[in-house]
Amino acid sequence: MSTERATQFEEFGDNPGNLDMLAYIPANLKPGAPLVVALHHCFQMAEEYADEVGWLTLADKYGFAVLLPQQSVFNDPNYCFQWFNAWQQDAKGDEPASIHAMIVSMLQAYGLDRHRVFVTGHSAGAAWR
């Protein structure tokens, strides 16, 4: 199944990490639904990761929203999240701050449950501490 159903959002708040925000909201989404934040690995775009894992199909089946932060080629030519840079390792890091702004935007815009935000990733997308 193609992830072309994911939508890119230009405005979501502060974006000091210069990341792209893609998201998927299934048609059957109910108020108070959970949010899954799925972080891609190096050499991969967010939509490729969503397709590889099946996040959008799972969202349709189980009724949760999916946030797909995407690294910019301007930050890293290999599309790696900067988990290996010490200045990115806390909540004040540029990329974590951008992802937090995306999460807050999704929670507010779609009435999602802030107590059911789940973060998952692969390789560089899973390396945050």
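Predicted model only: the values in this text are computed from it and were never measured.

J.: How would you summarise the sheet that holds strand β1 (residues 7–9) if you had to cite specific residues and measurements?
T.: Strand order in this open sheet of 5 strands is β1-β2-β4-β3-β5, and the pairing throughout is mixed. Two strands bound the open sheet, and with one partner strand each, they are β1 and β5 (117–121). Between one strand axis and the next, the sheet turns through 25 degrees on average, direction left out of account. The sheet contact formed by strand β3 (residues 35–39) and strand β4 (residues 65–70) spans 3 bridges and is parallel.

J.: Lay out the environment of His-41 in plain terms, naming residues and giving numbers.
T.: Looking at the element boundaries, His-41 is found in the loop between β3 and α1 (46–53). For His-41 and Asn-78, which are 37 residues apart along the polypeptide, the C-alpha to C-alpha distance reads 9.4 Å.

J.: Got a sec to walk through the nonpolar core? Specific residues and values, please.
T.: Leu-35, Val-37, Leu-67, Ile-103, Met-106 and Leu-112 are the most contacted members of the largest nonpolar core, which has 19 residues in total. Looking at this core, the elements with two or more residues in it are β2 (20–24), β3, β4 and α3 (94–110). Beyond its immediate chain neighbours, meaning those up to four positions away, Ile-103 contacts Leu-35, Val-37, Leu-67 and Val-117. Core analysis: the second largest hydrophobic core is formed by 14 residues, Leu-22, Ala-38, Tyr-49 and Ala-50 among them.

J.: So what's going on with the side chain of His-40? Which residues, and what values?
T.: Tracing the sequence through the fold places His-40 in the loop between β3 and α1. Here the side chain of His-40 touches Gln-71 through a polar contact of 3.1 Å, landing on its backbone nitrogen.

Thresholds, definitions, all that
Residues numbered from 1 in each chain as written. Predicted model: local features only at pLDDT ≥ 70, side-chain atom pairs only at ≥ 80, totals over all residues. Heavy atoms only, no water. Pairing = 2+ DSSP bridges. Helix = DSSP H or I, 4+ residues; strand = E, 2+ residues; numbered from the N terminus. Axes fitted to C-alpha atoms, helices over the stretch in contact; angles between N-to-C directions. Core = buried A, V, L, I, M, F, W, Y, C linked by side-chain atoms within 4.5 Å. Buried < 20%, exposed > 50% of the residue type's maximum accessible area, 1.4 Å probe, protein only. Contact = heavy atoms within 4.5 Å. Polar contact = N/O pair within 3.5 Å; in protein donor to acceptor, adjacent residues only side chain to side chain.

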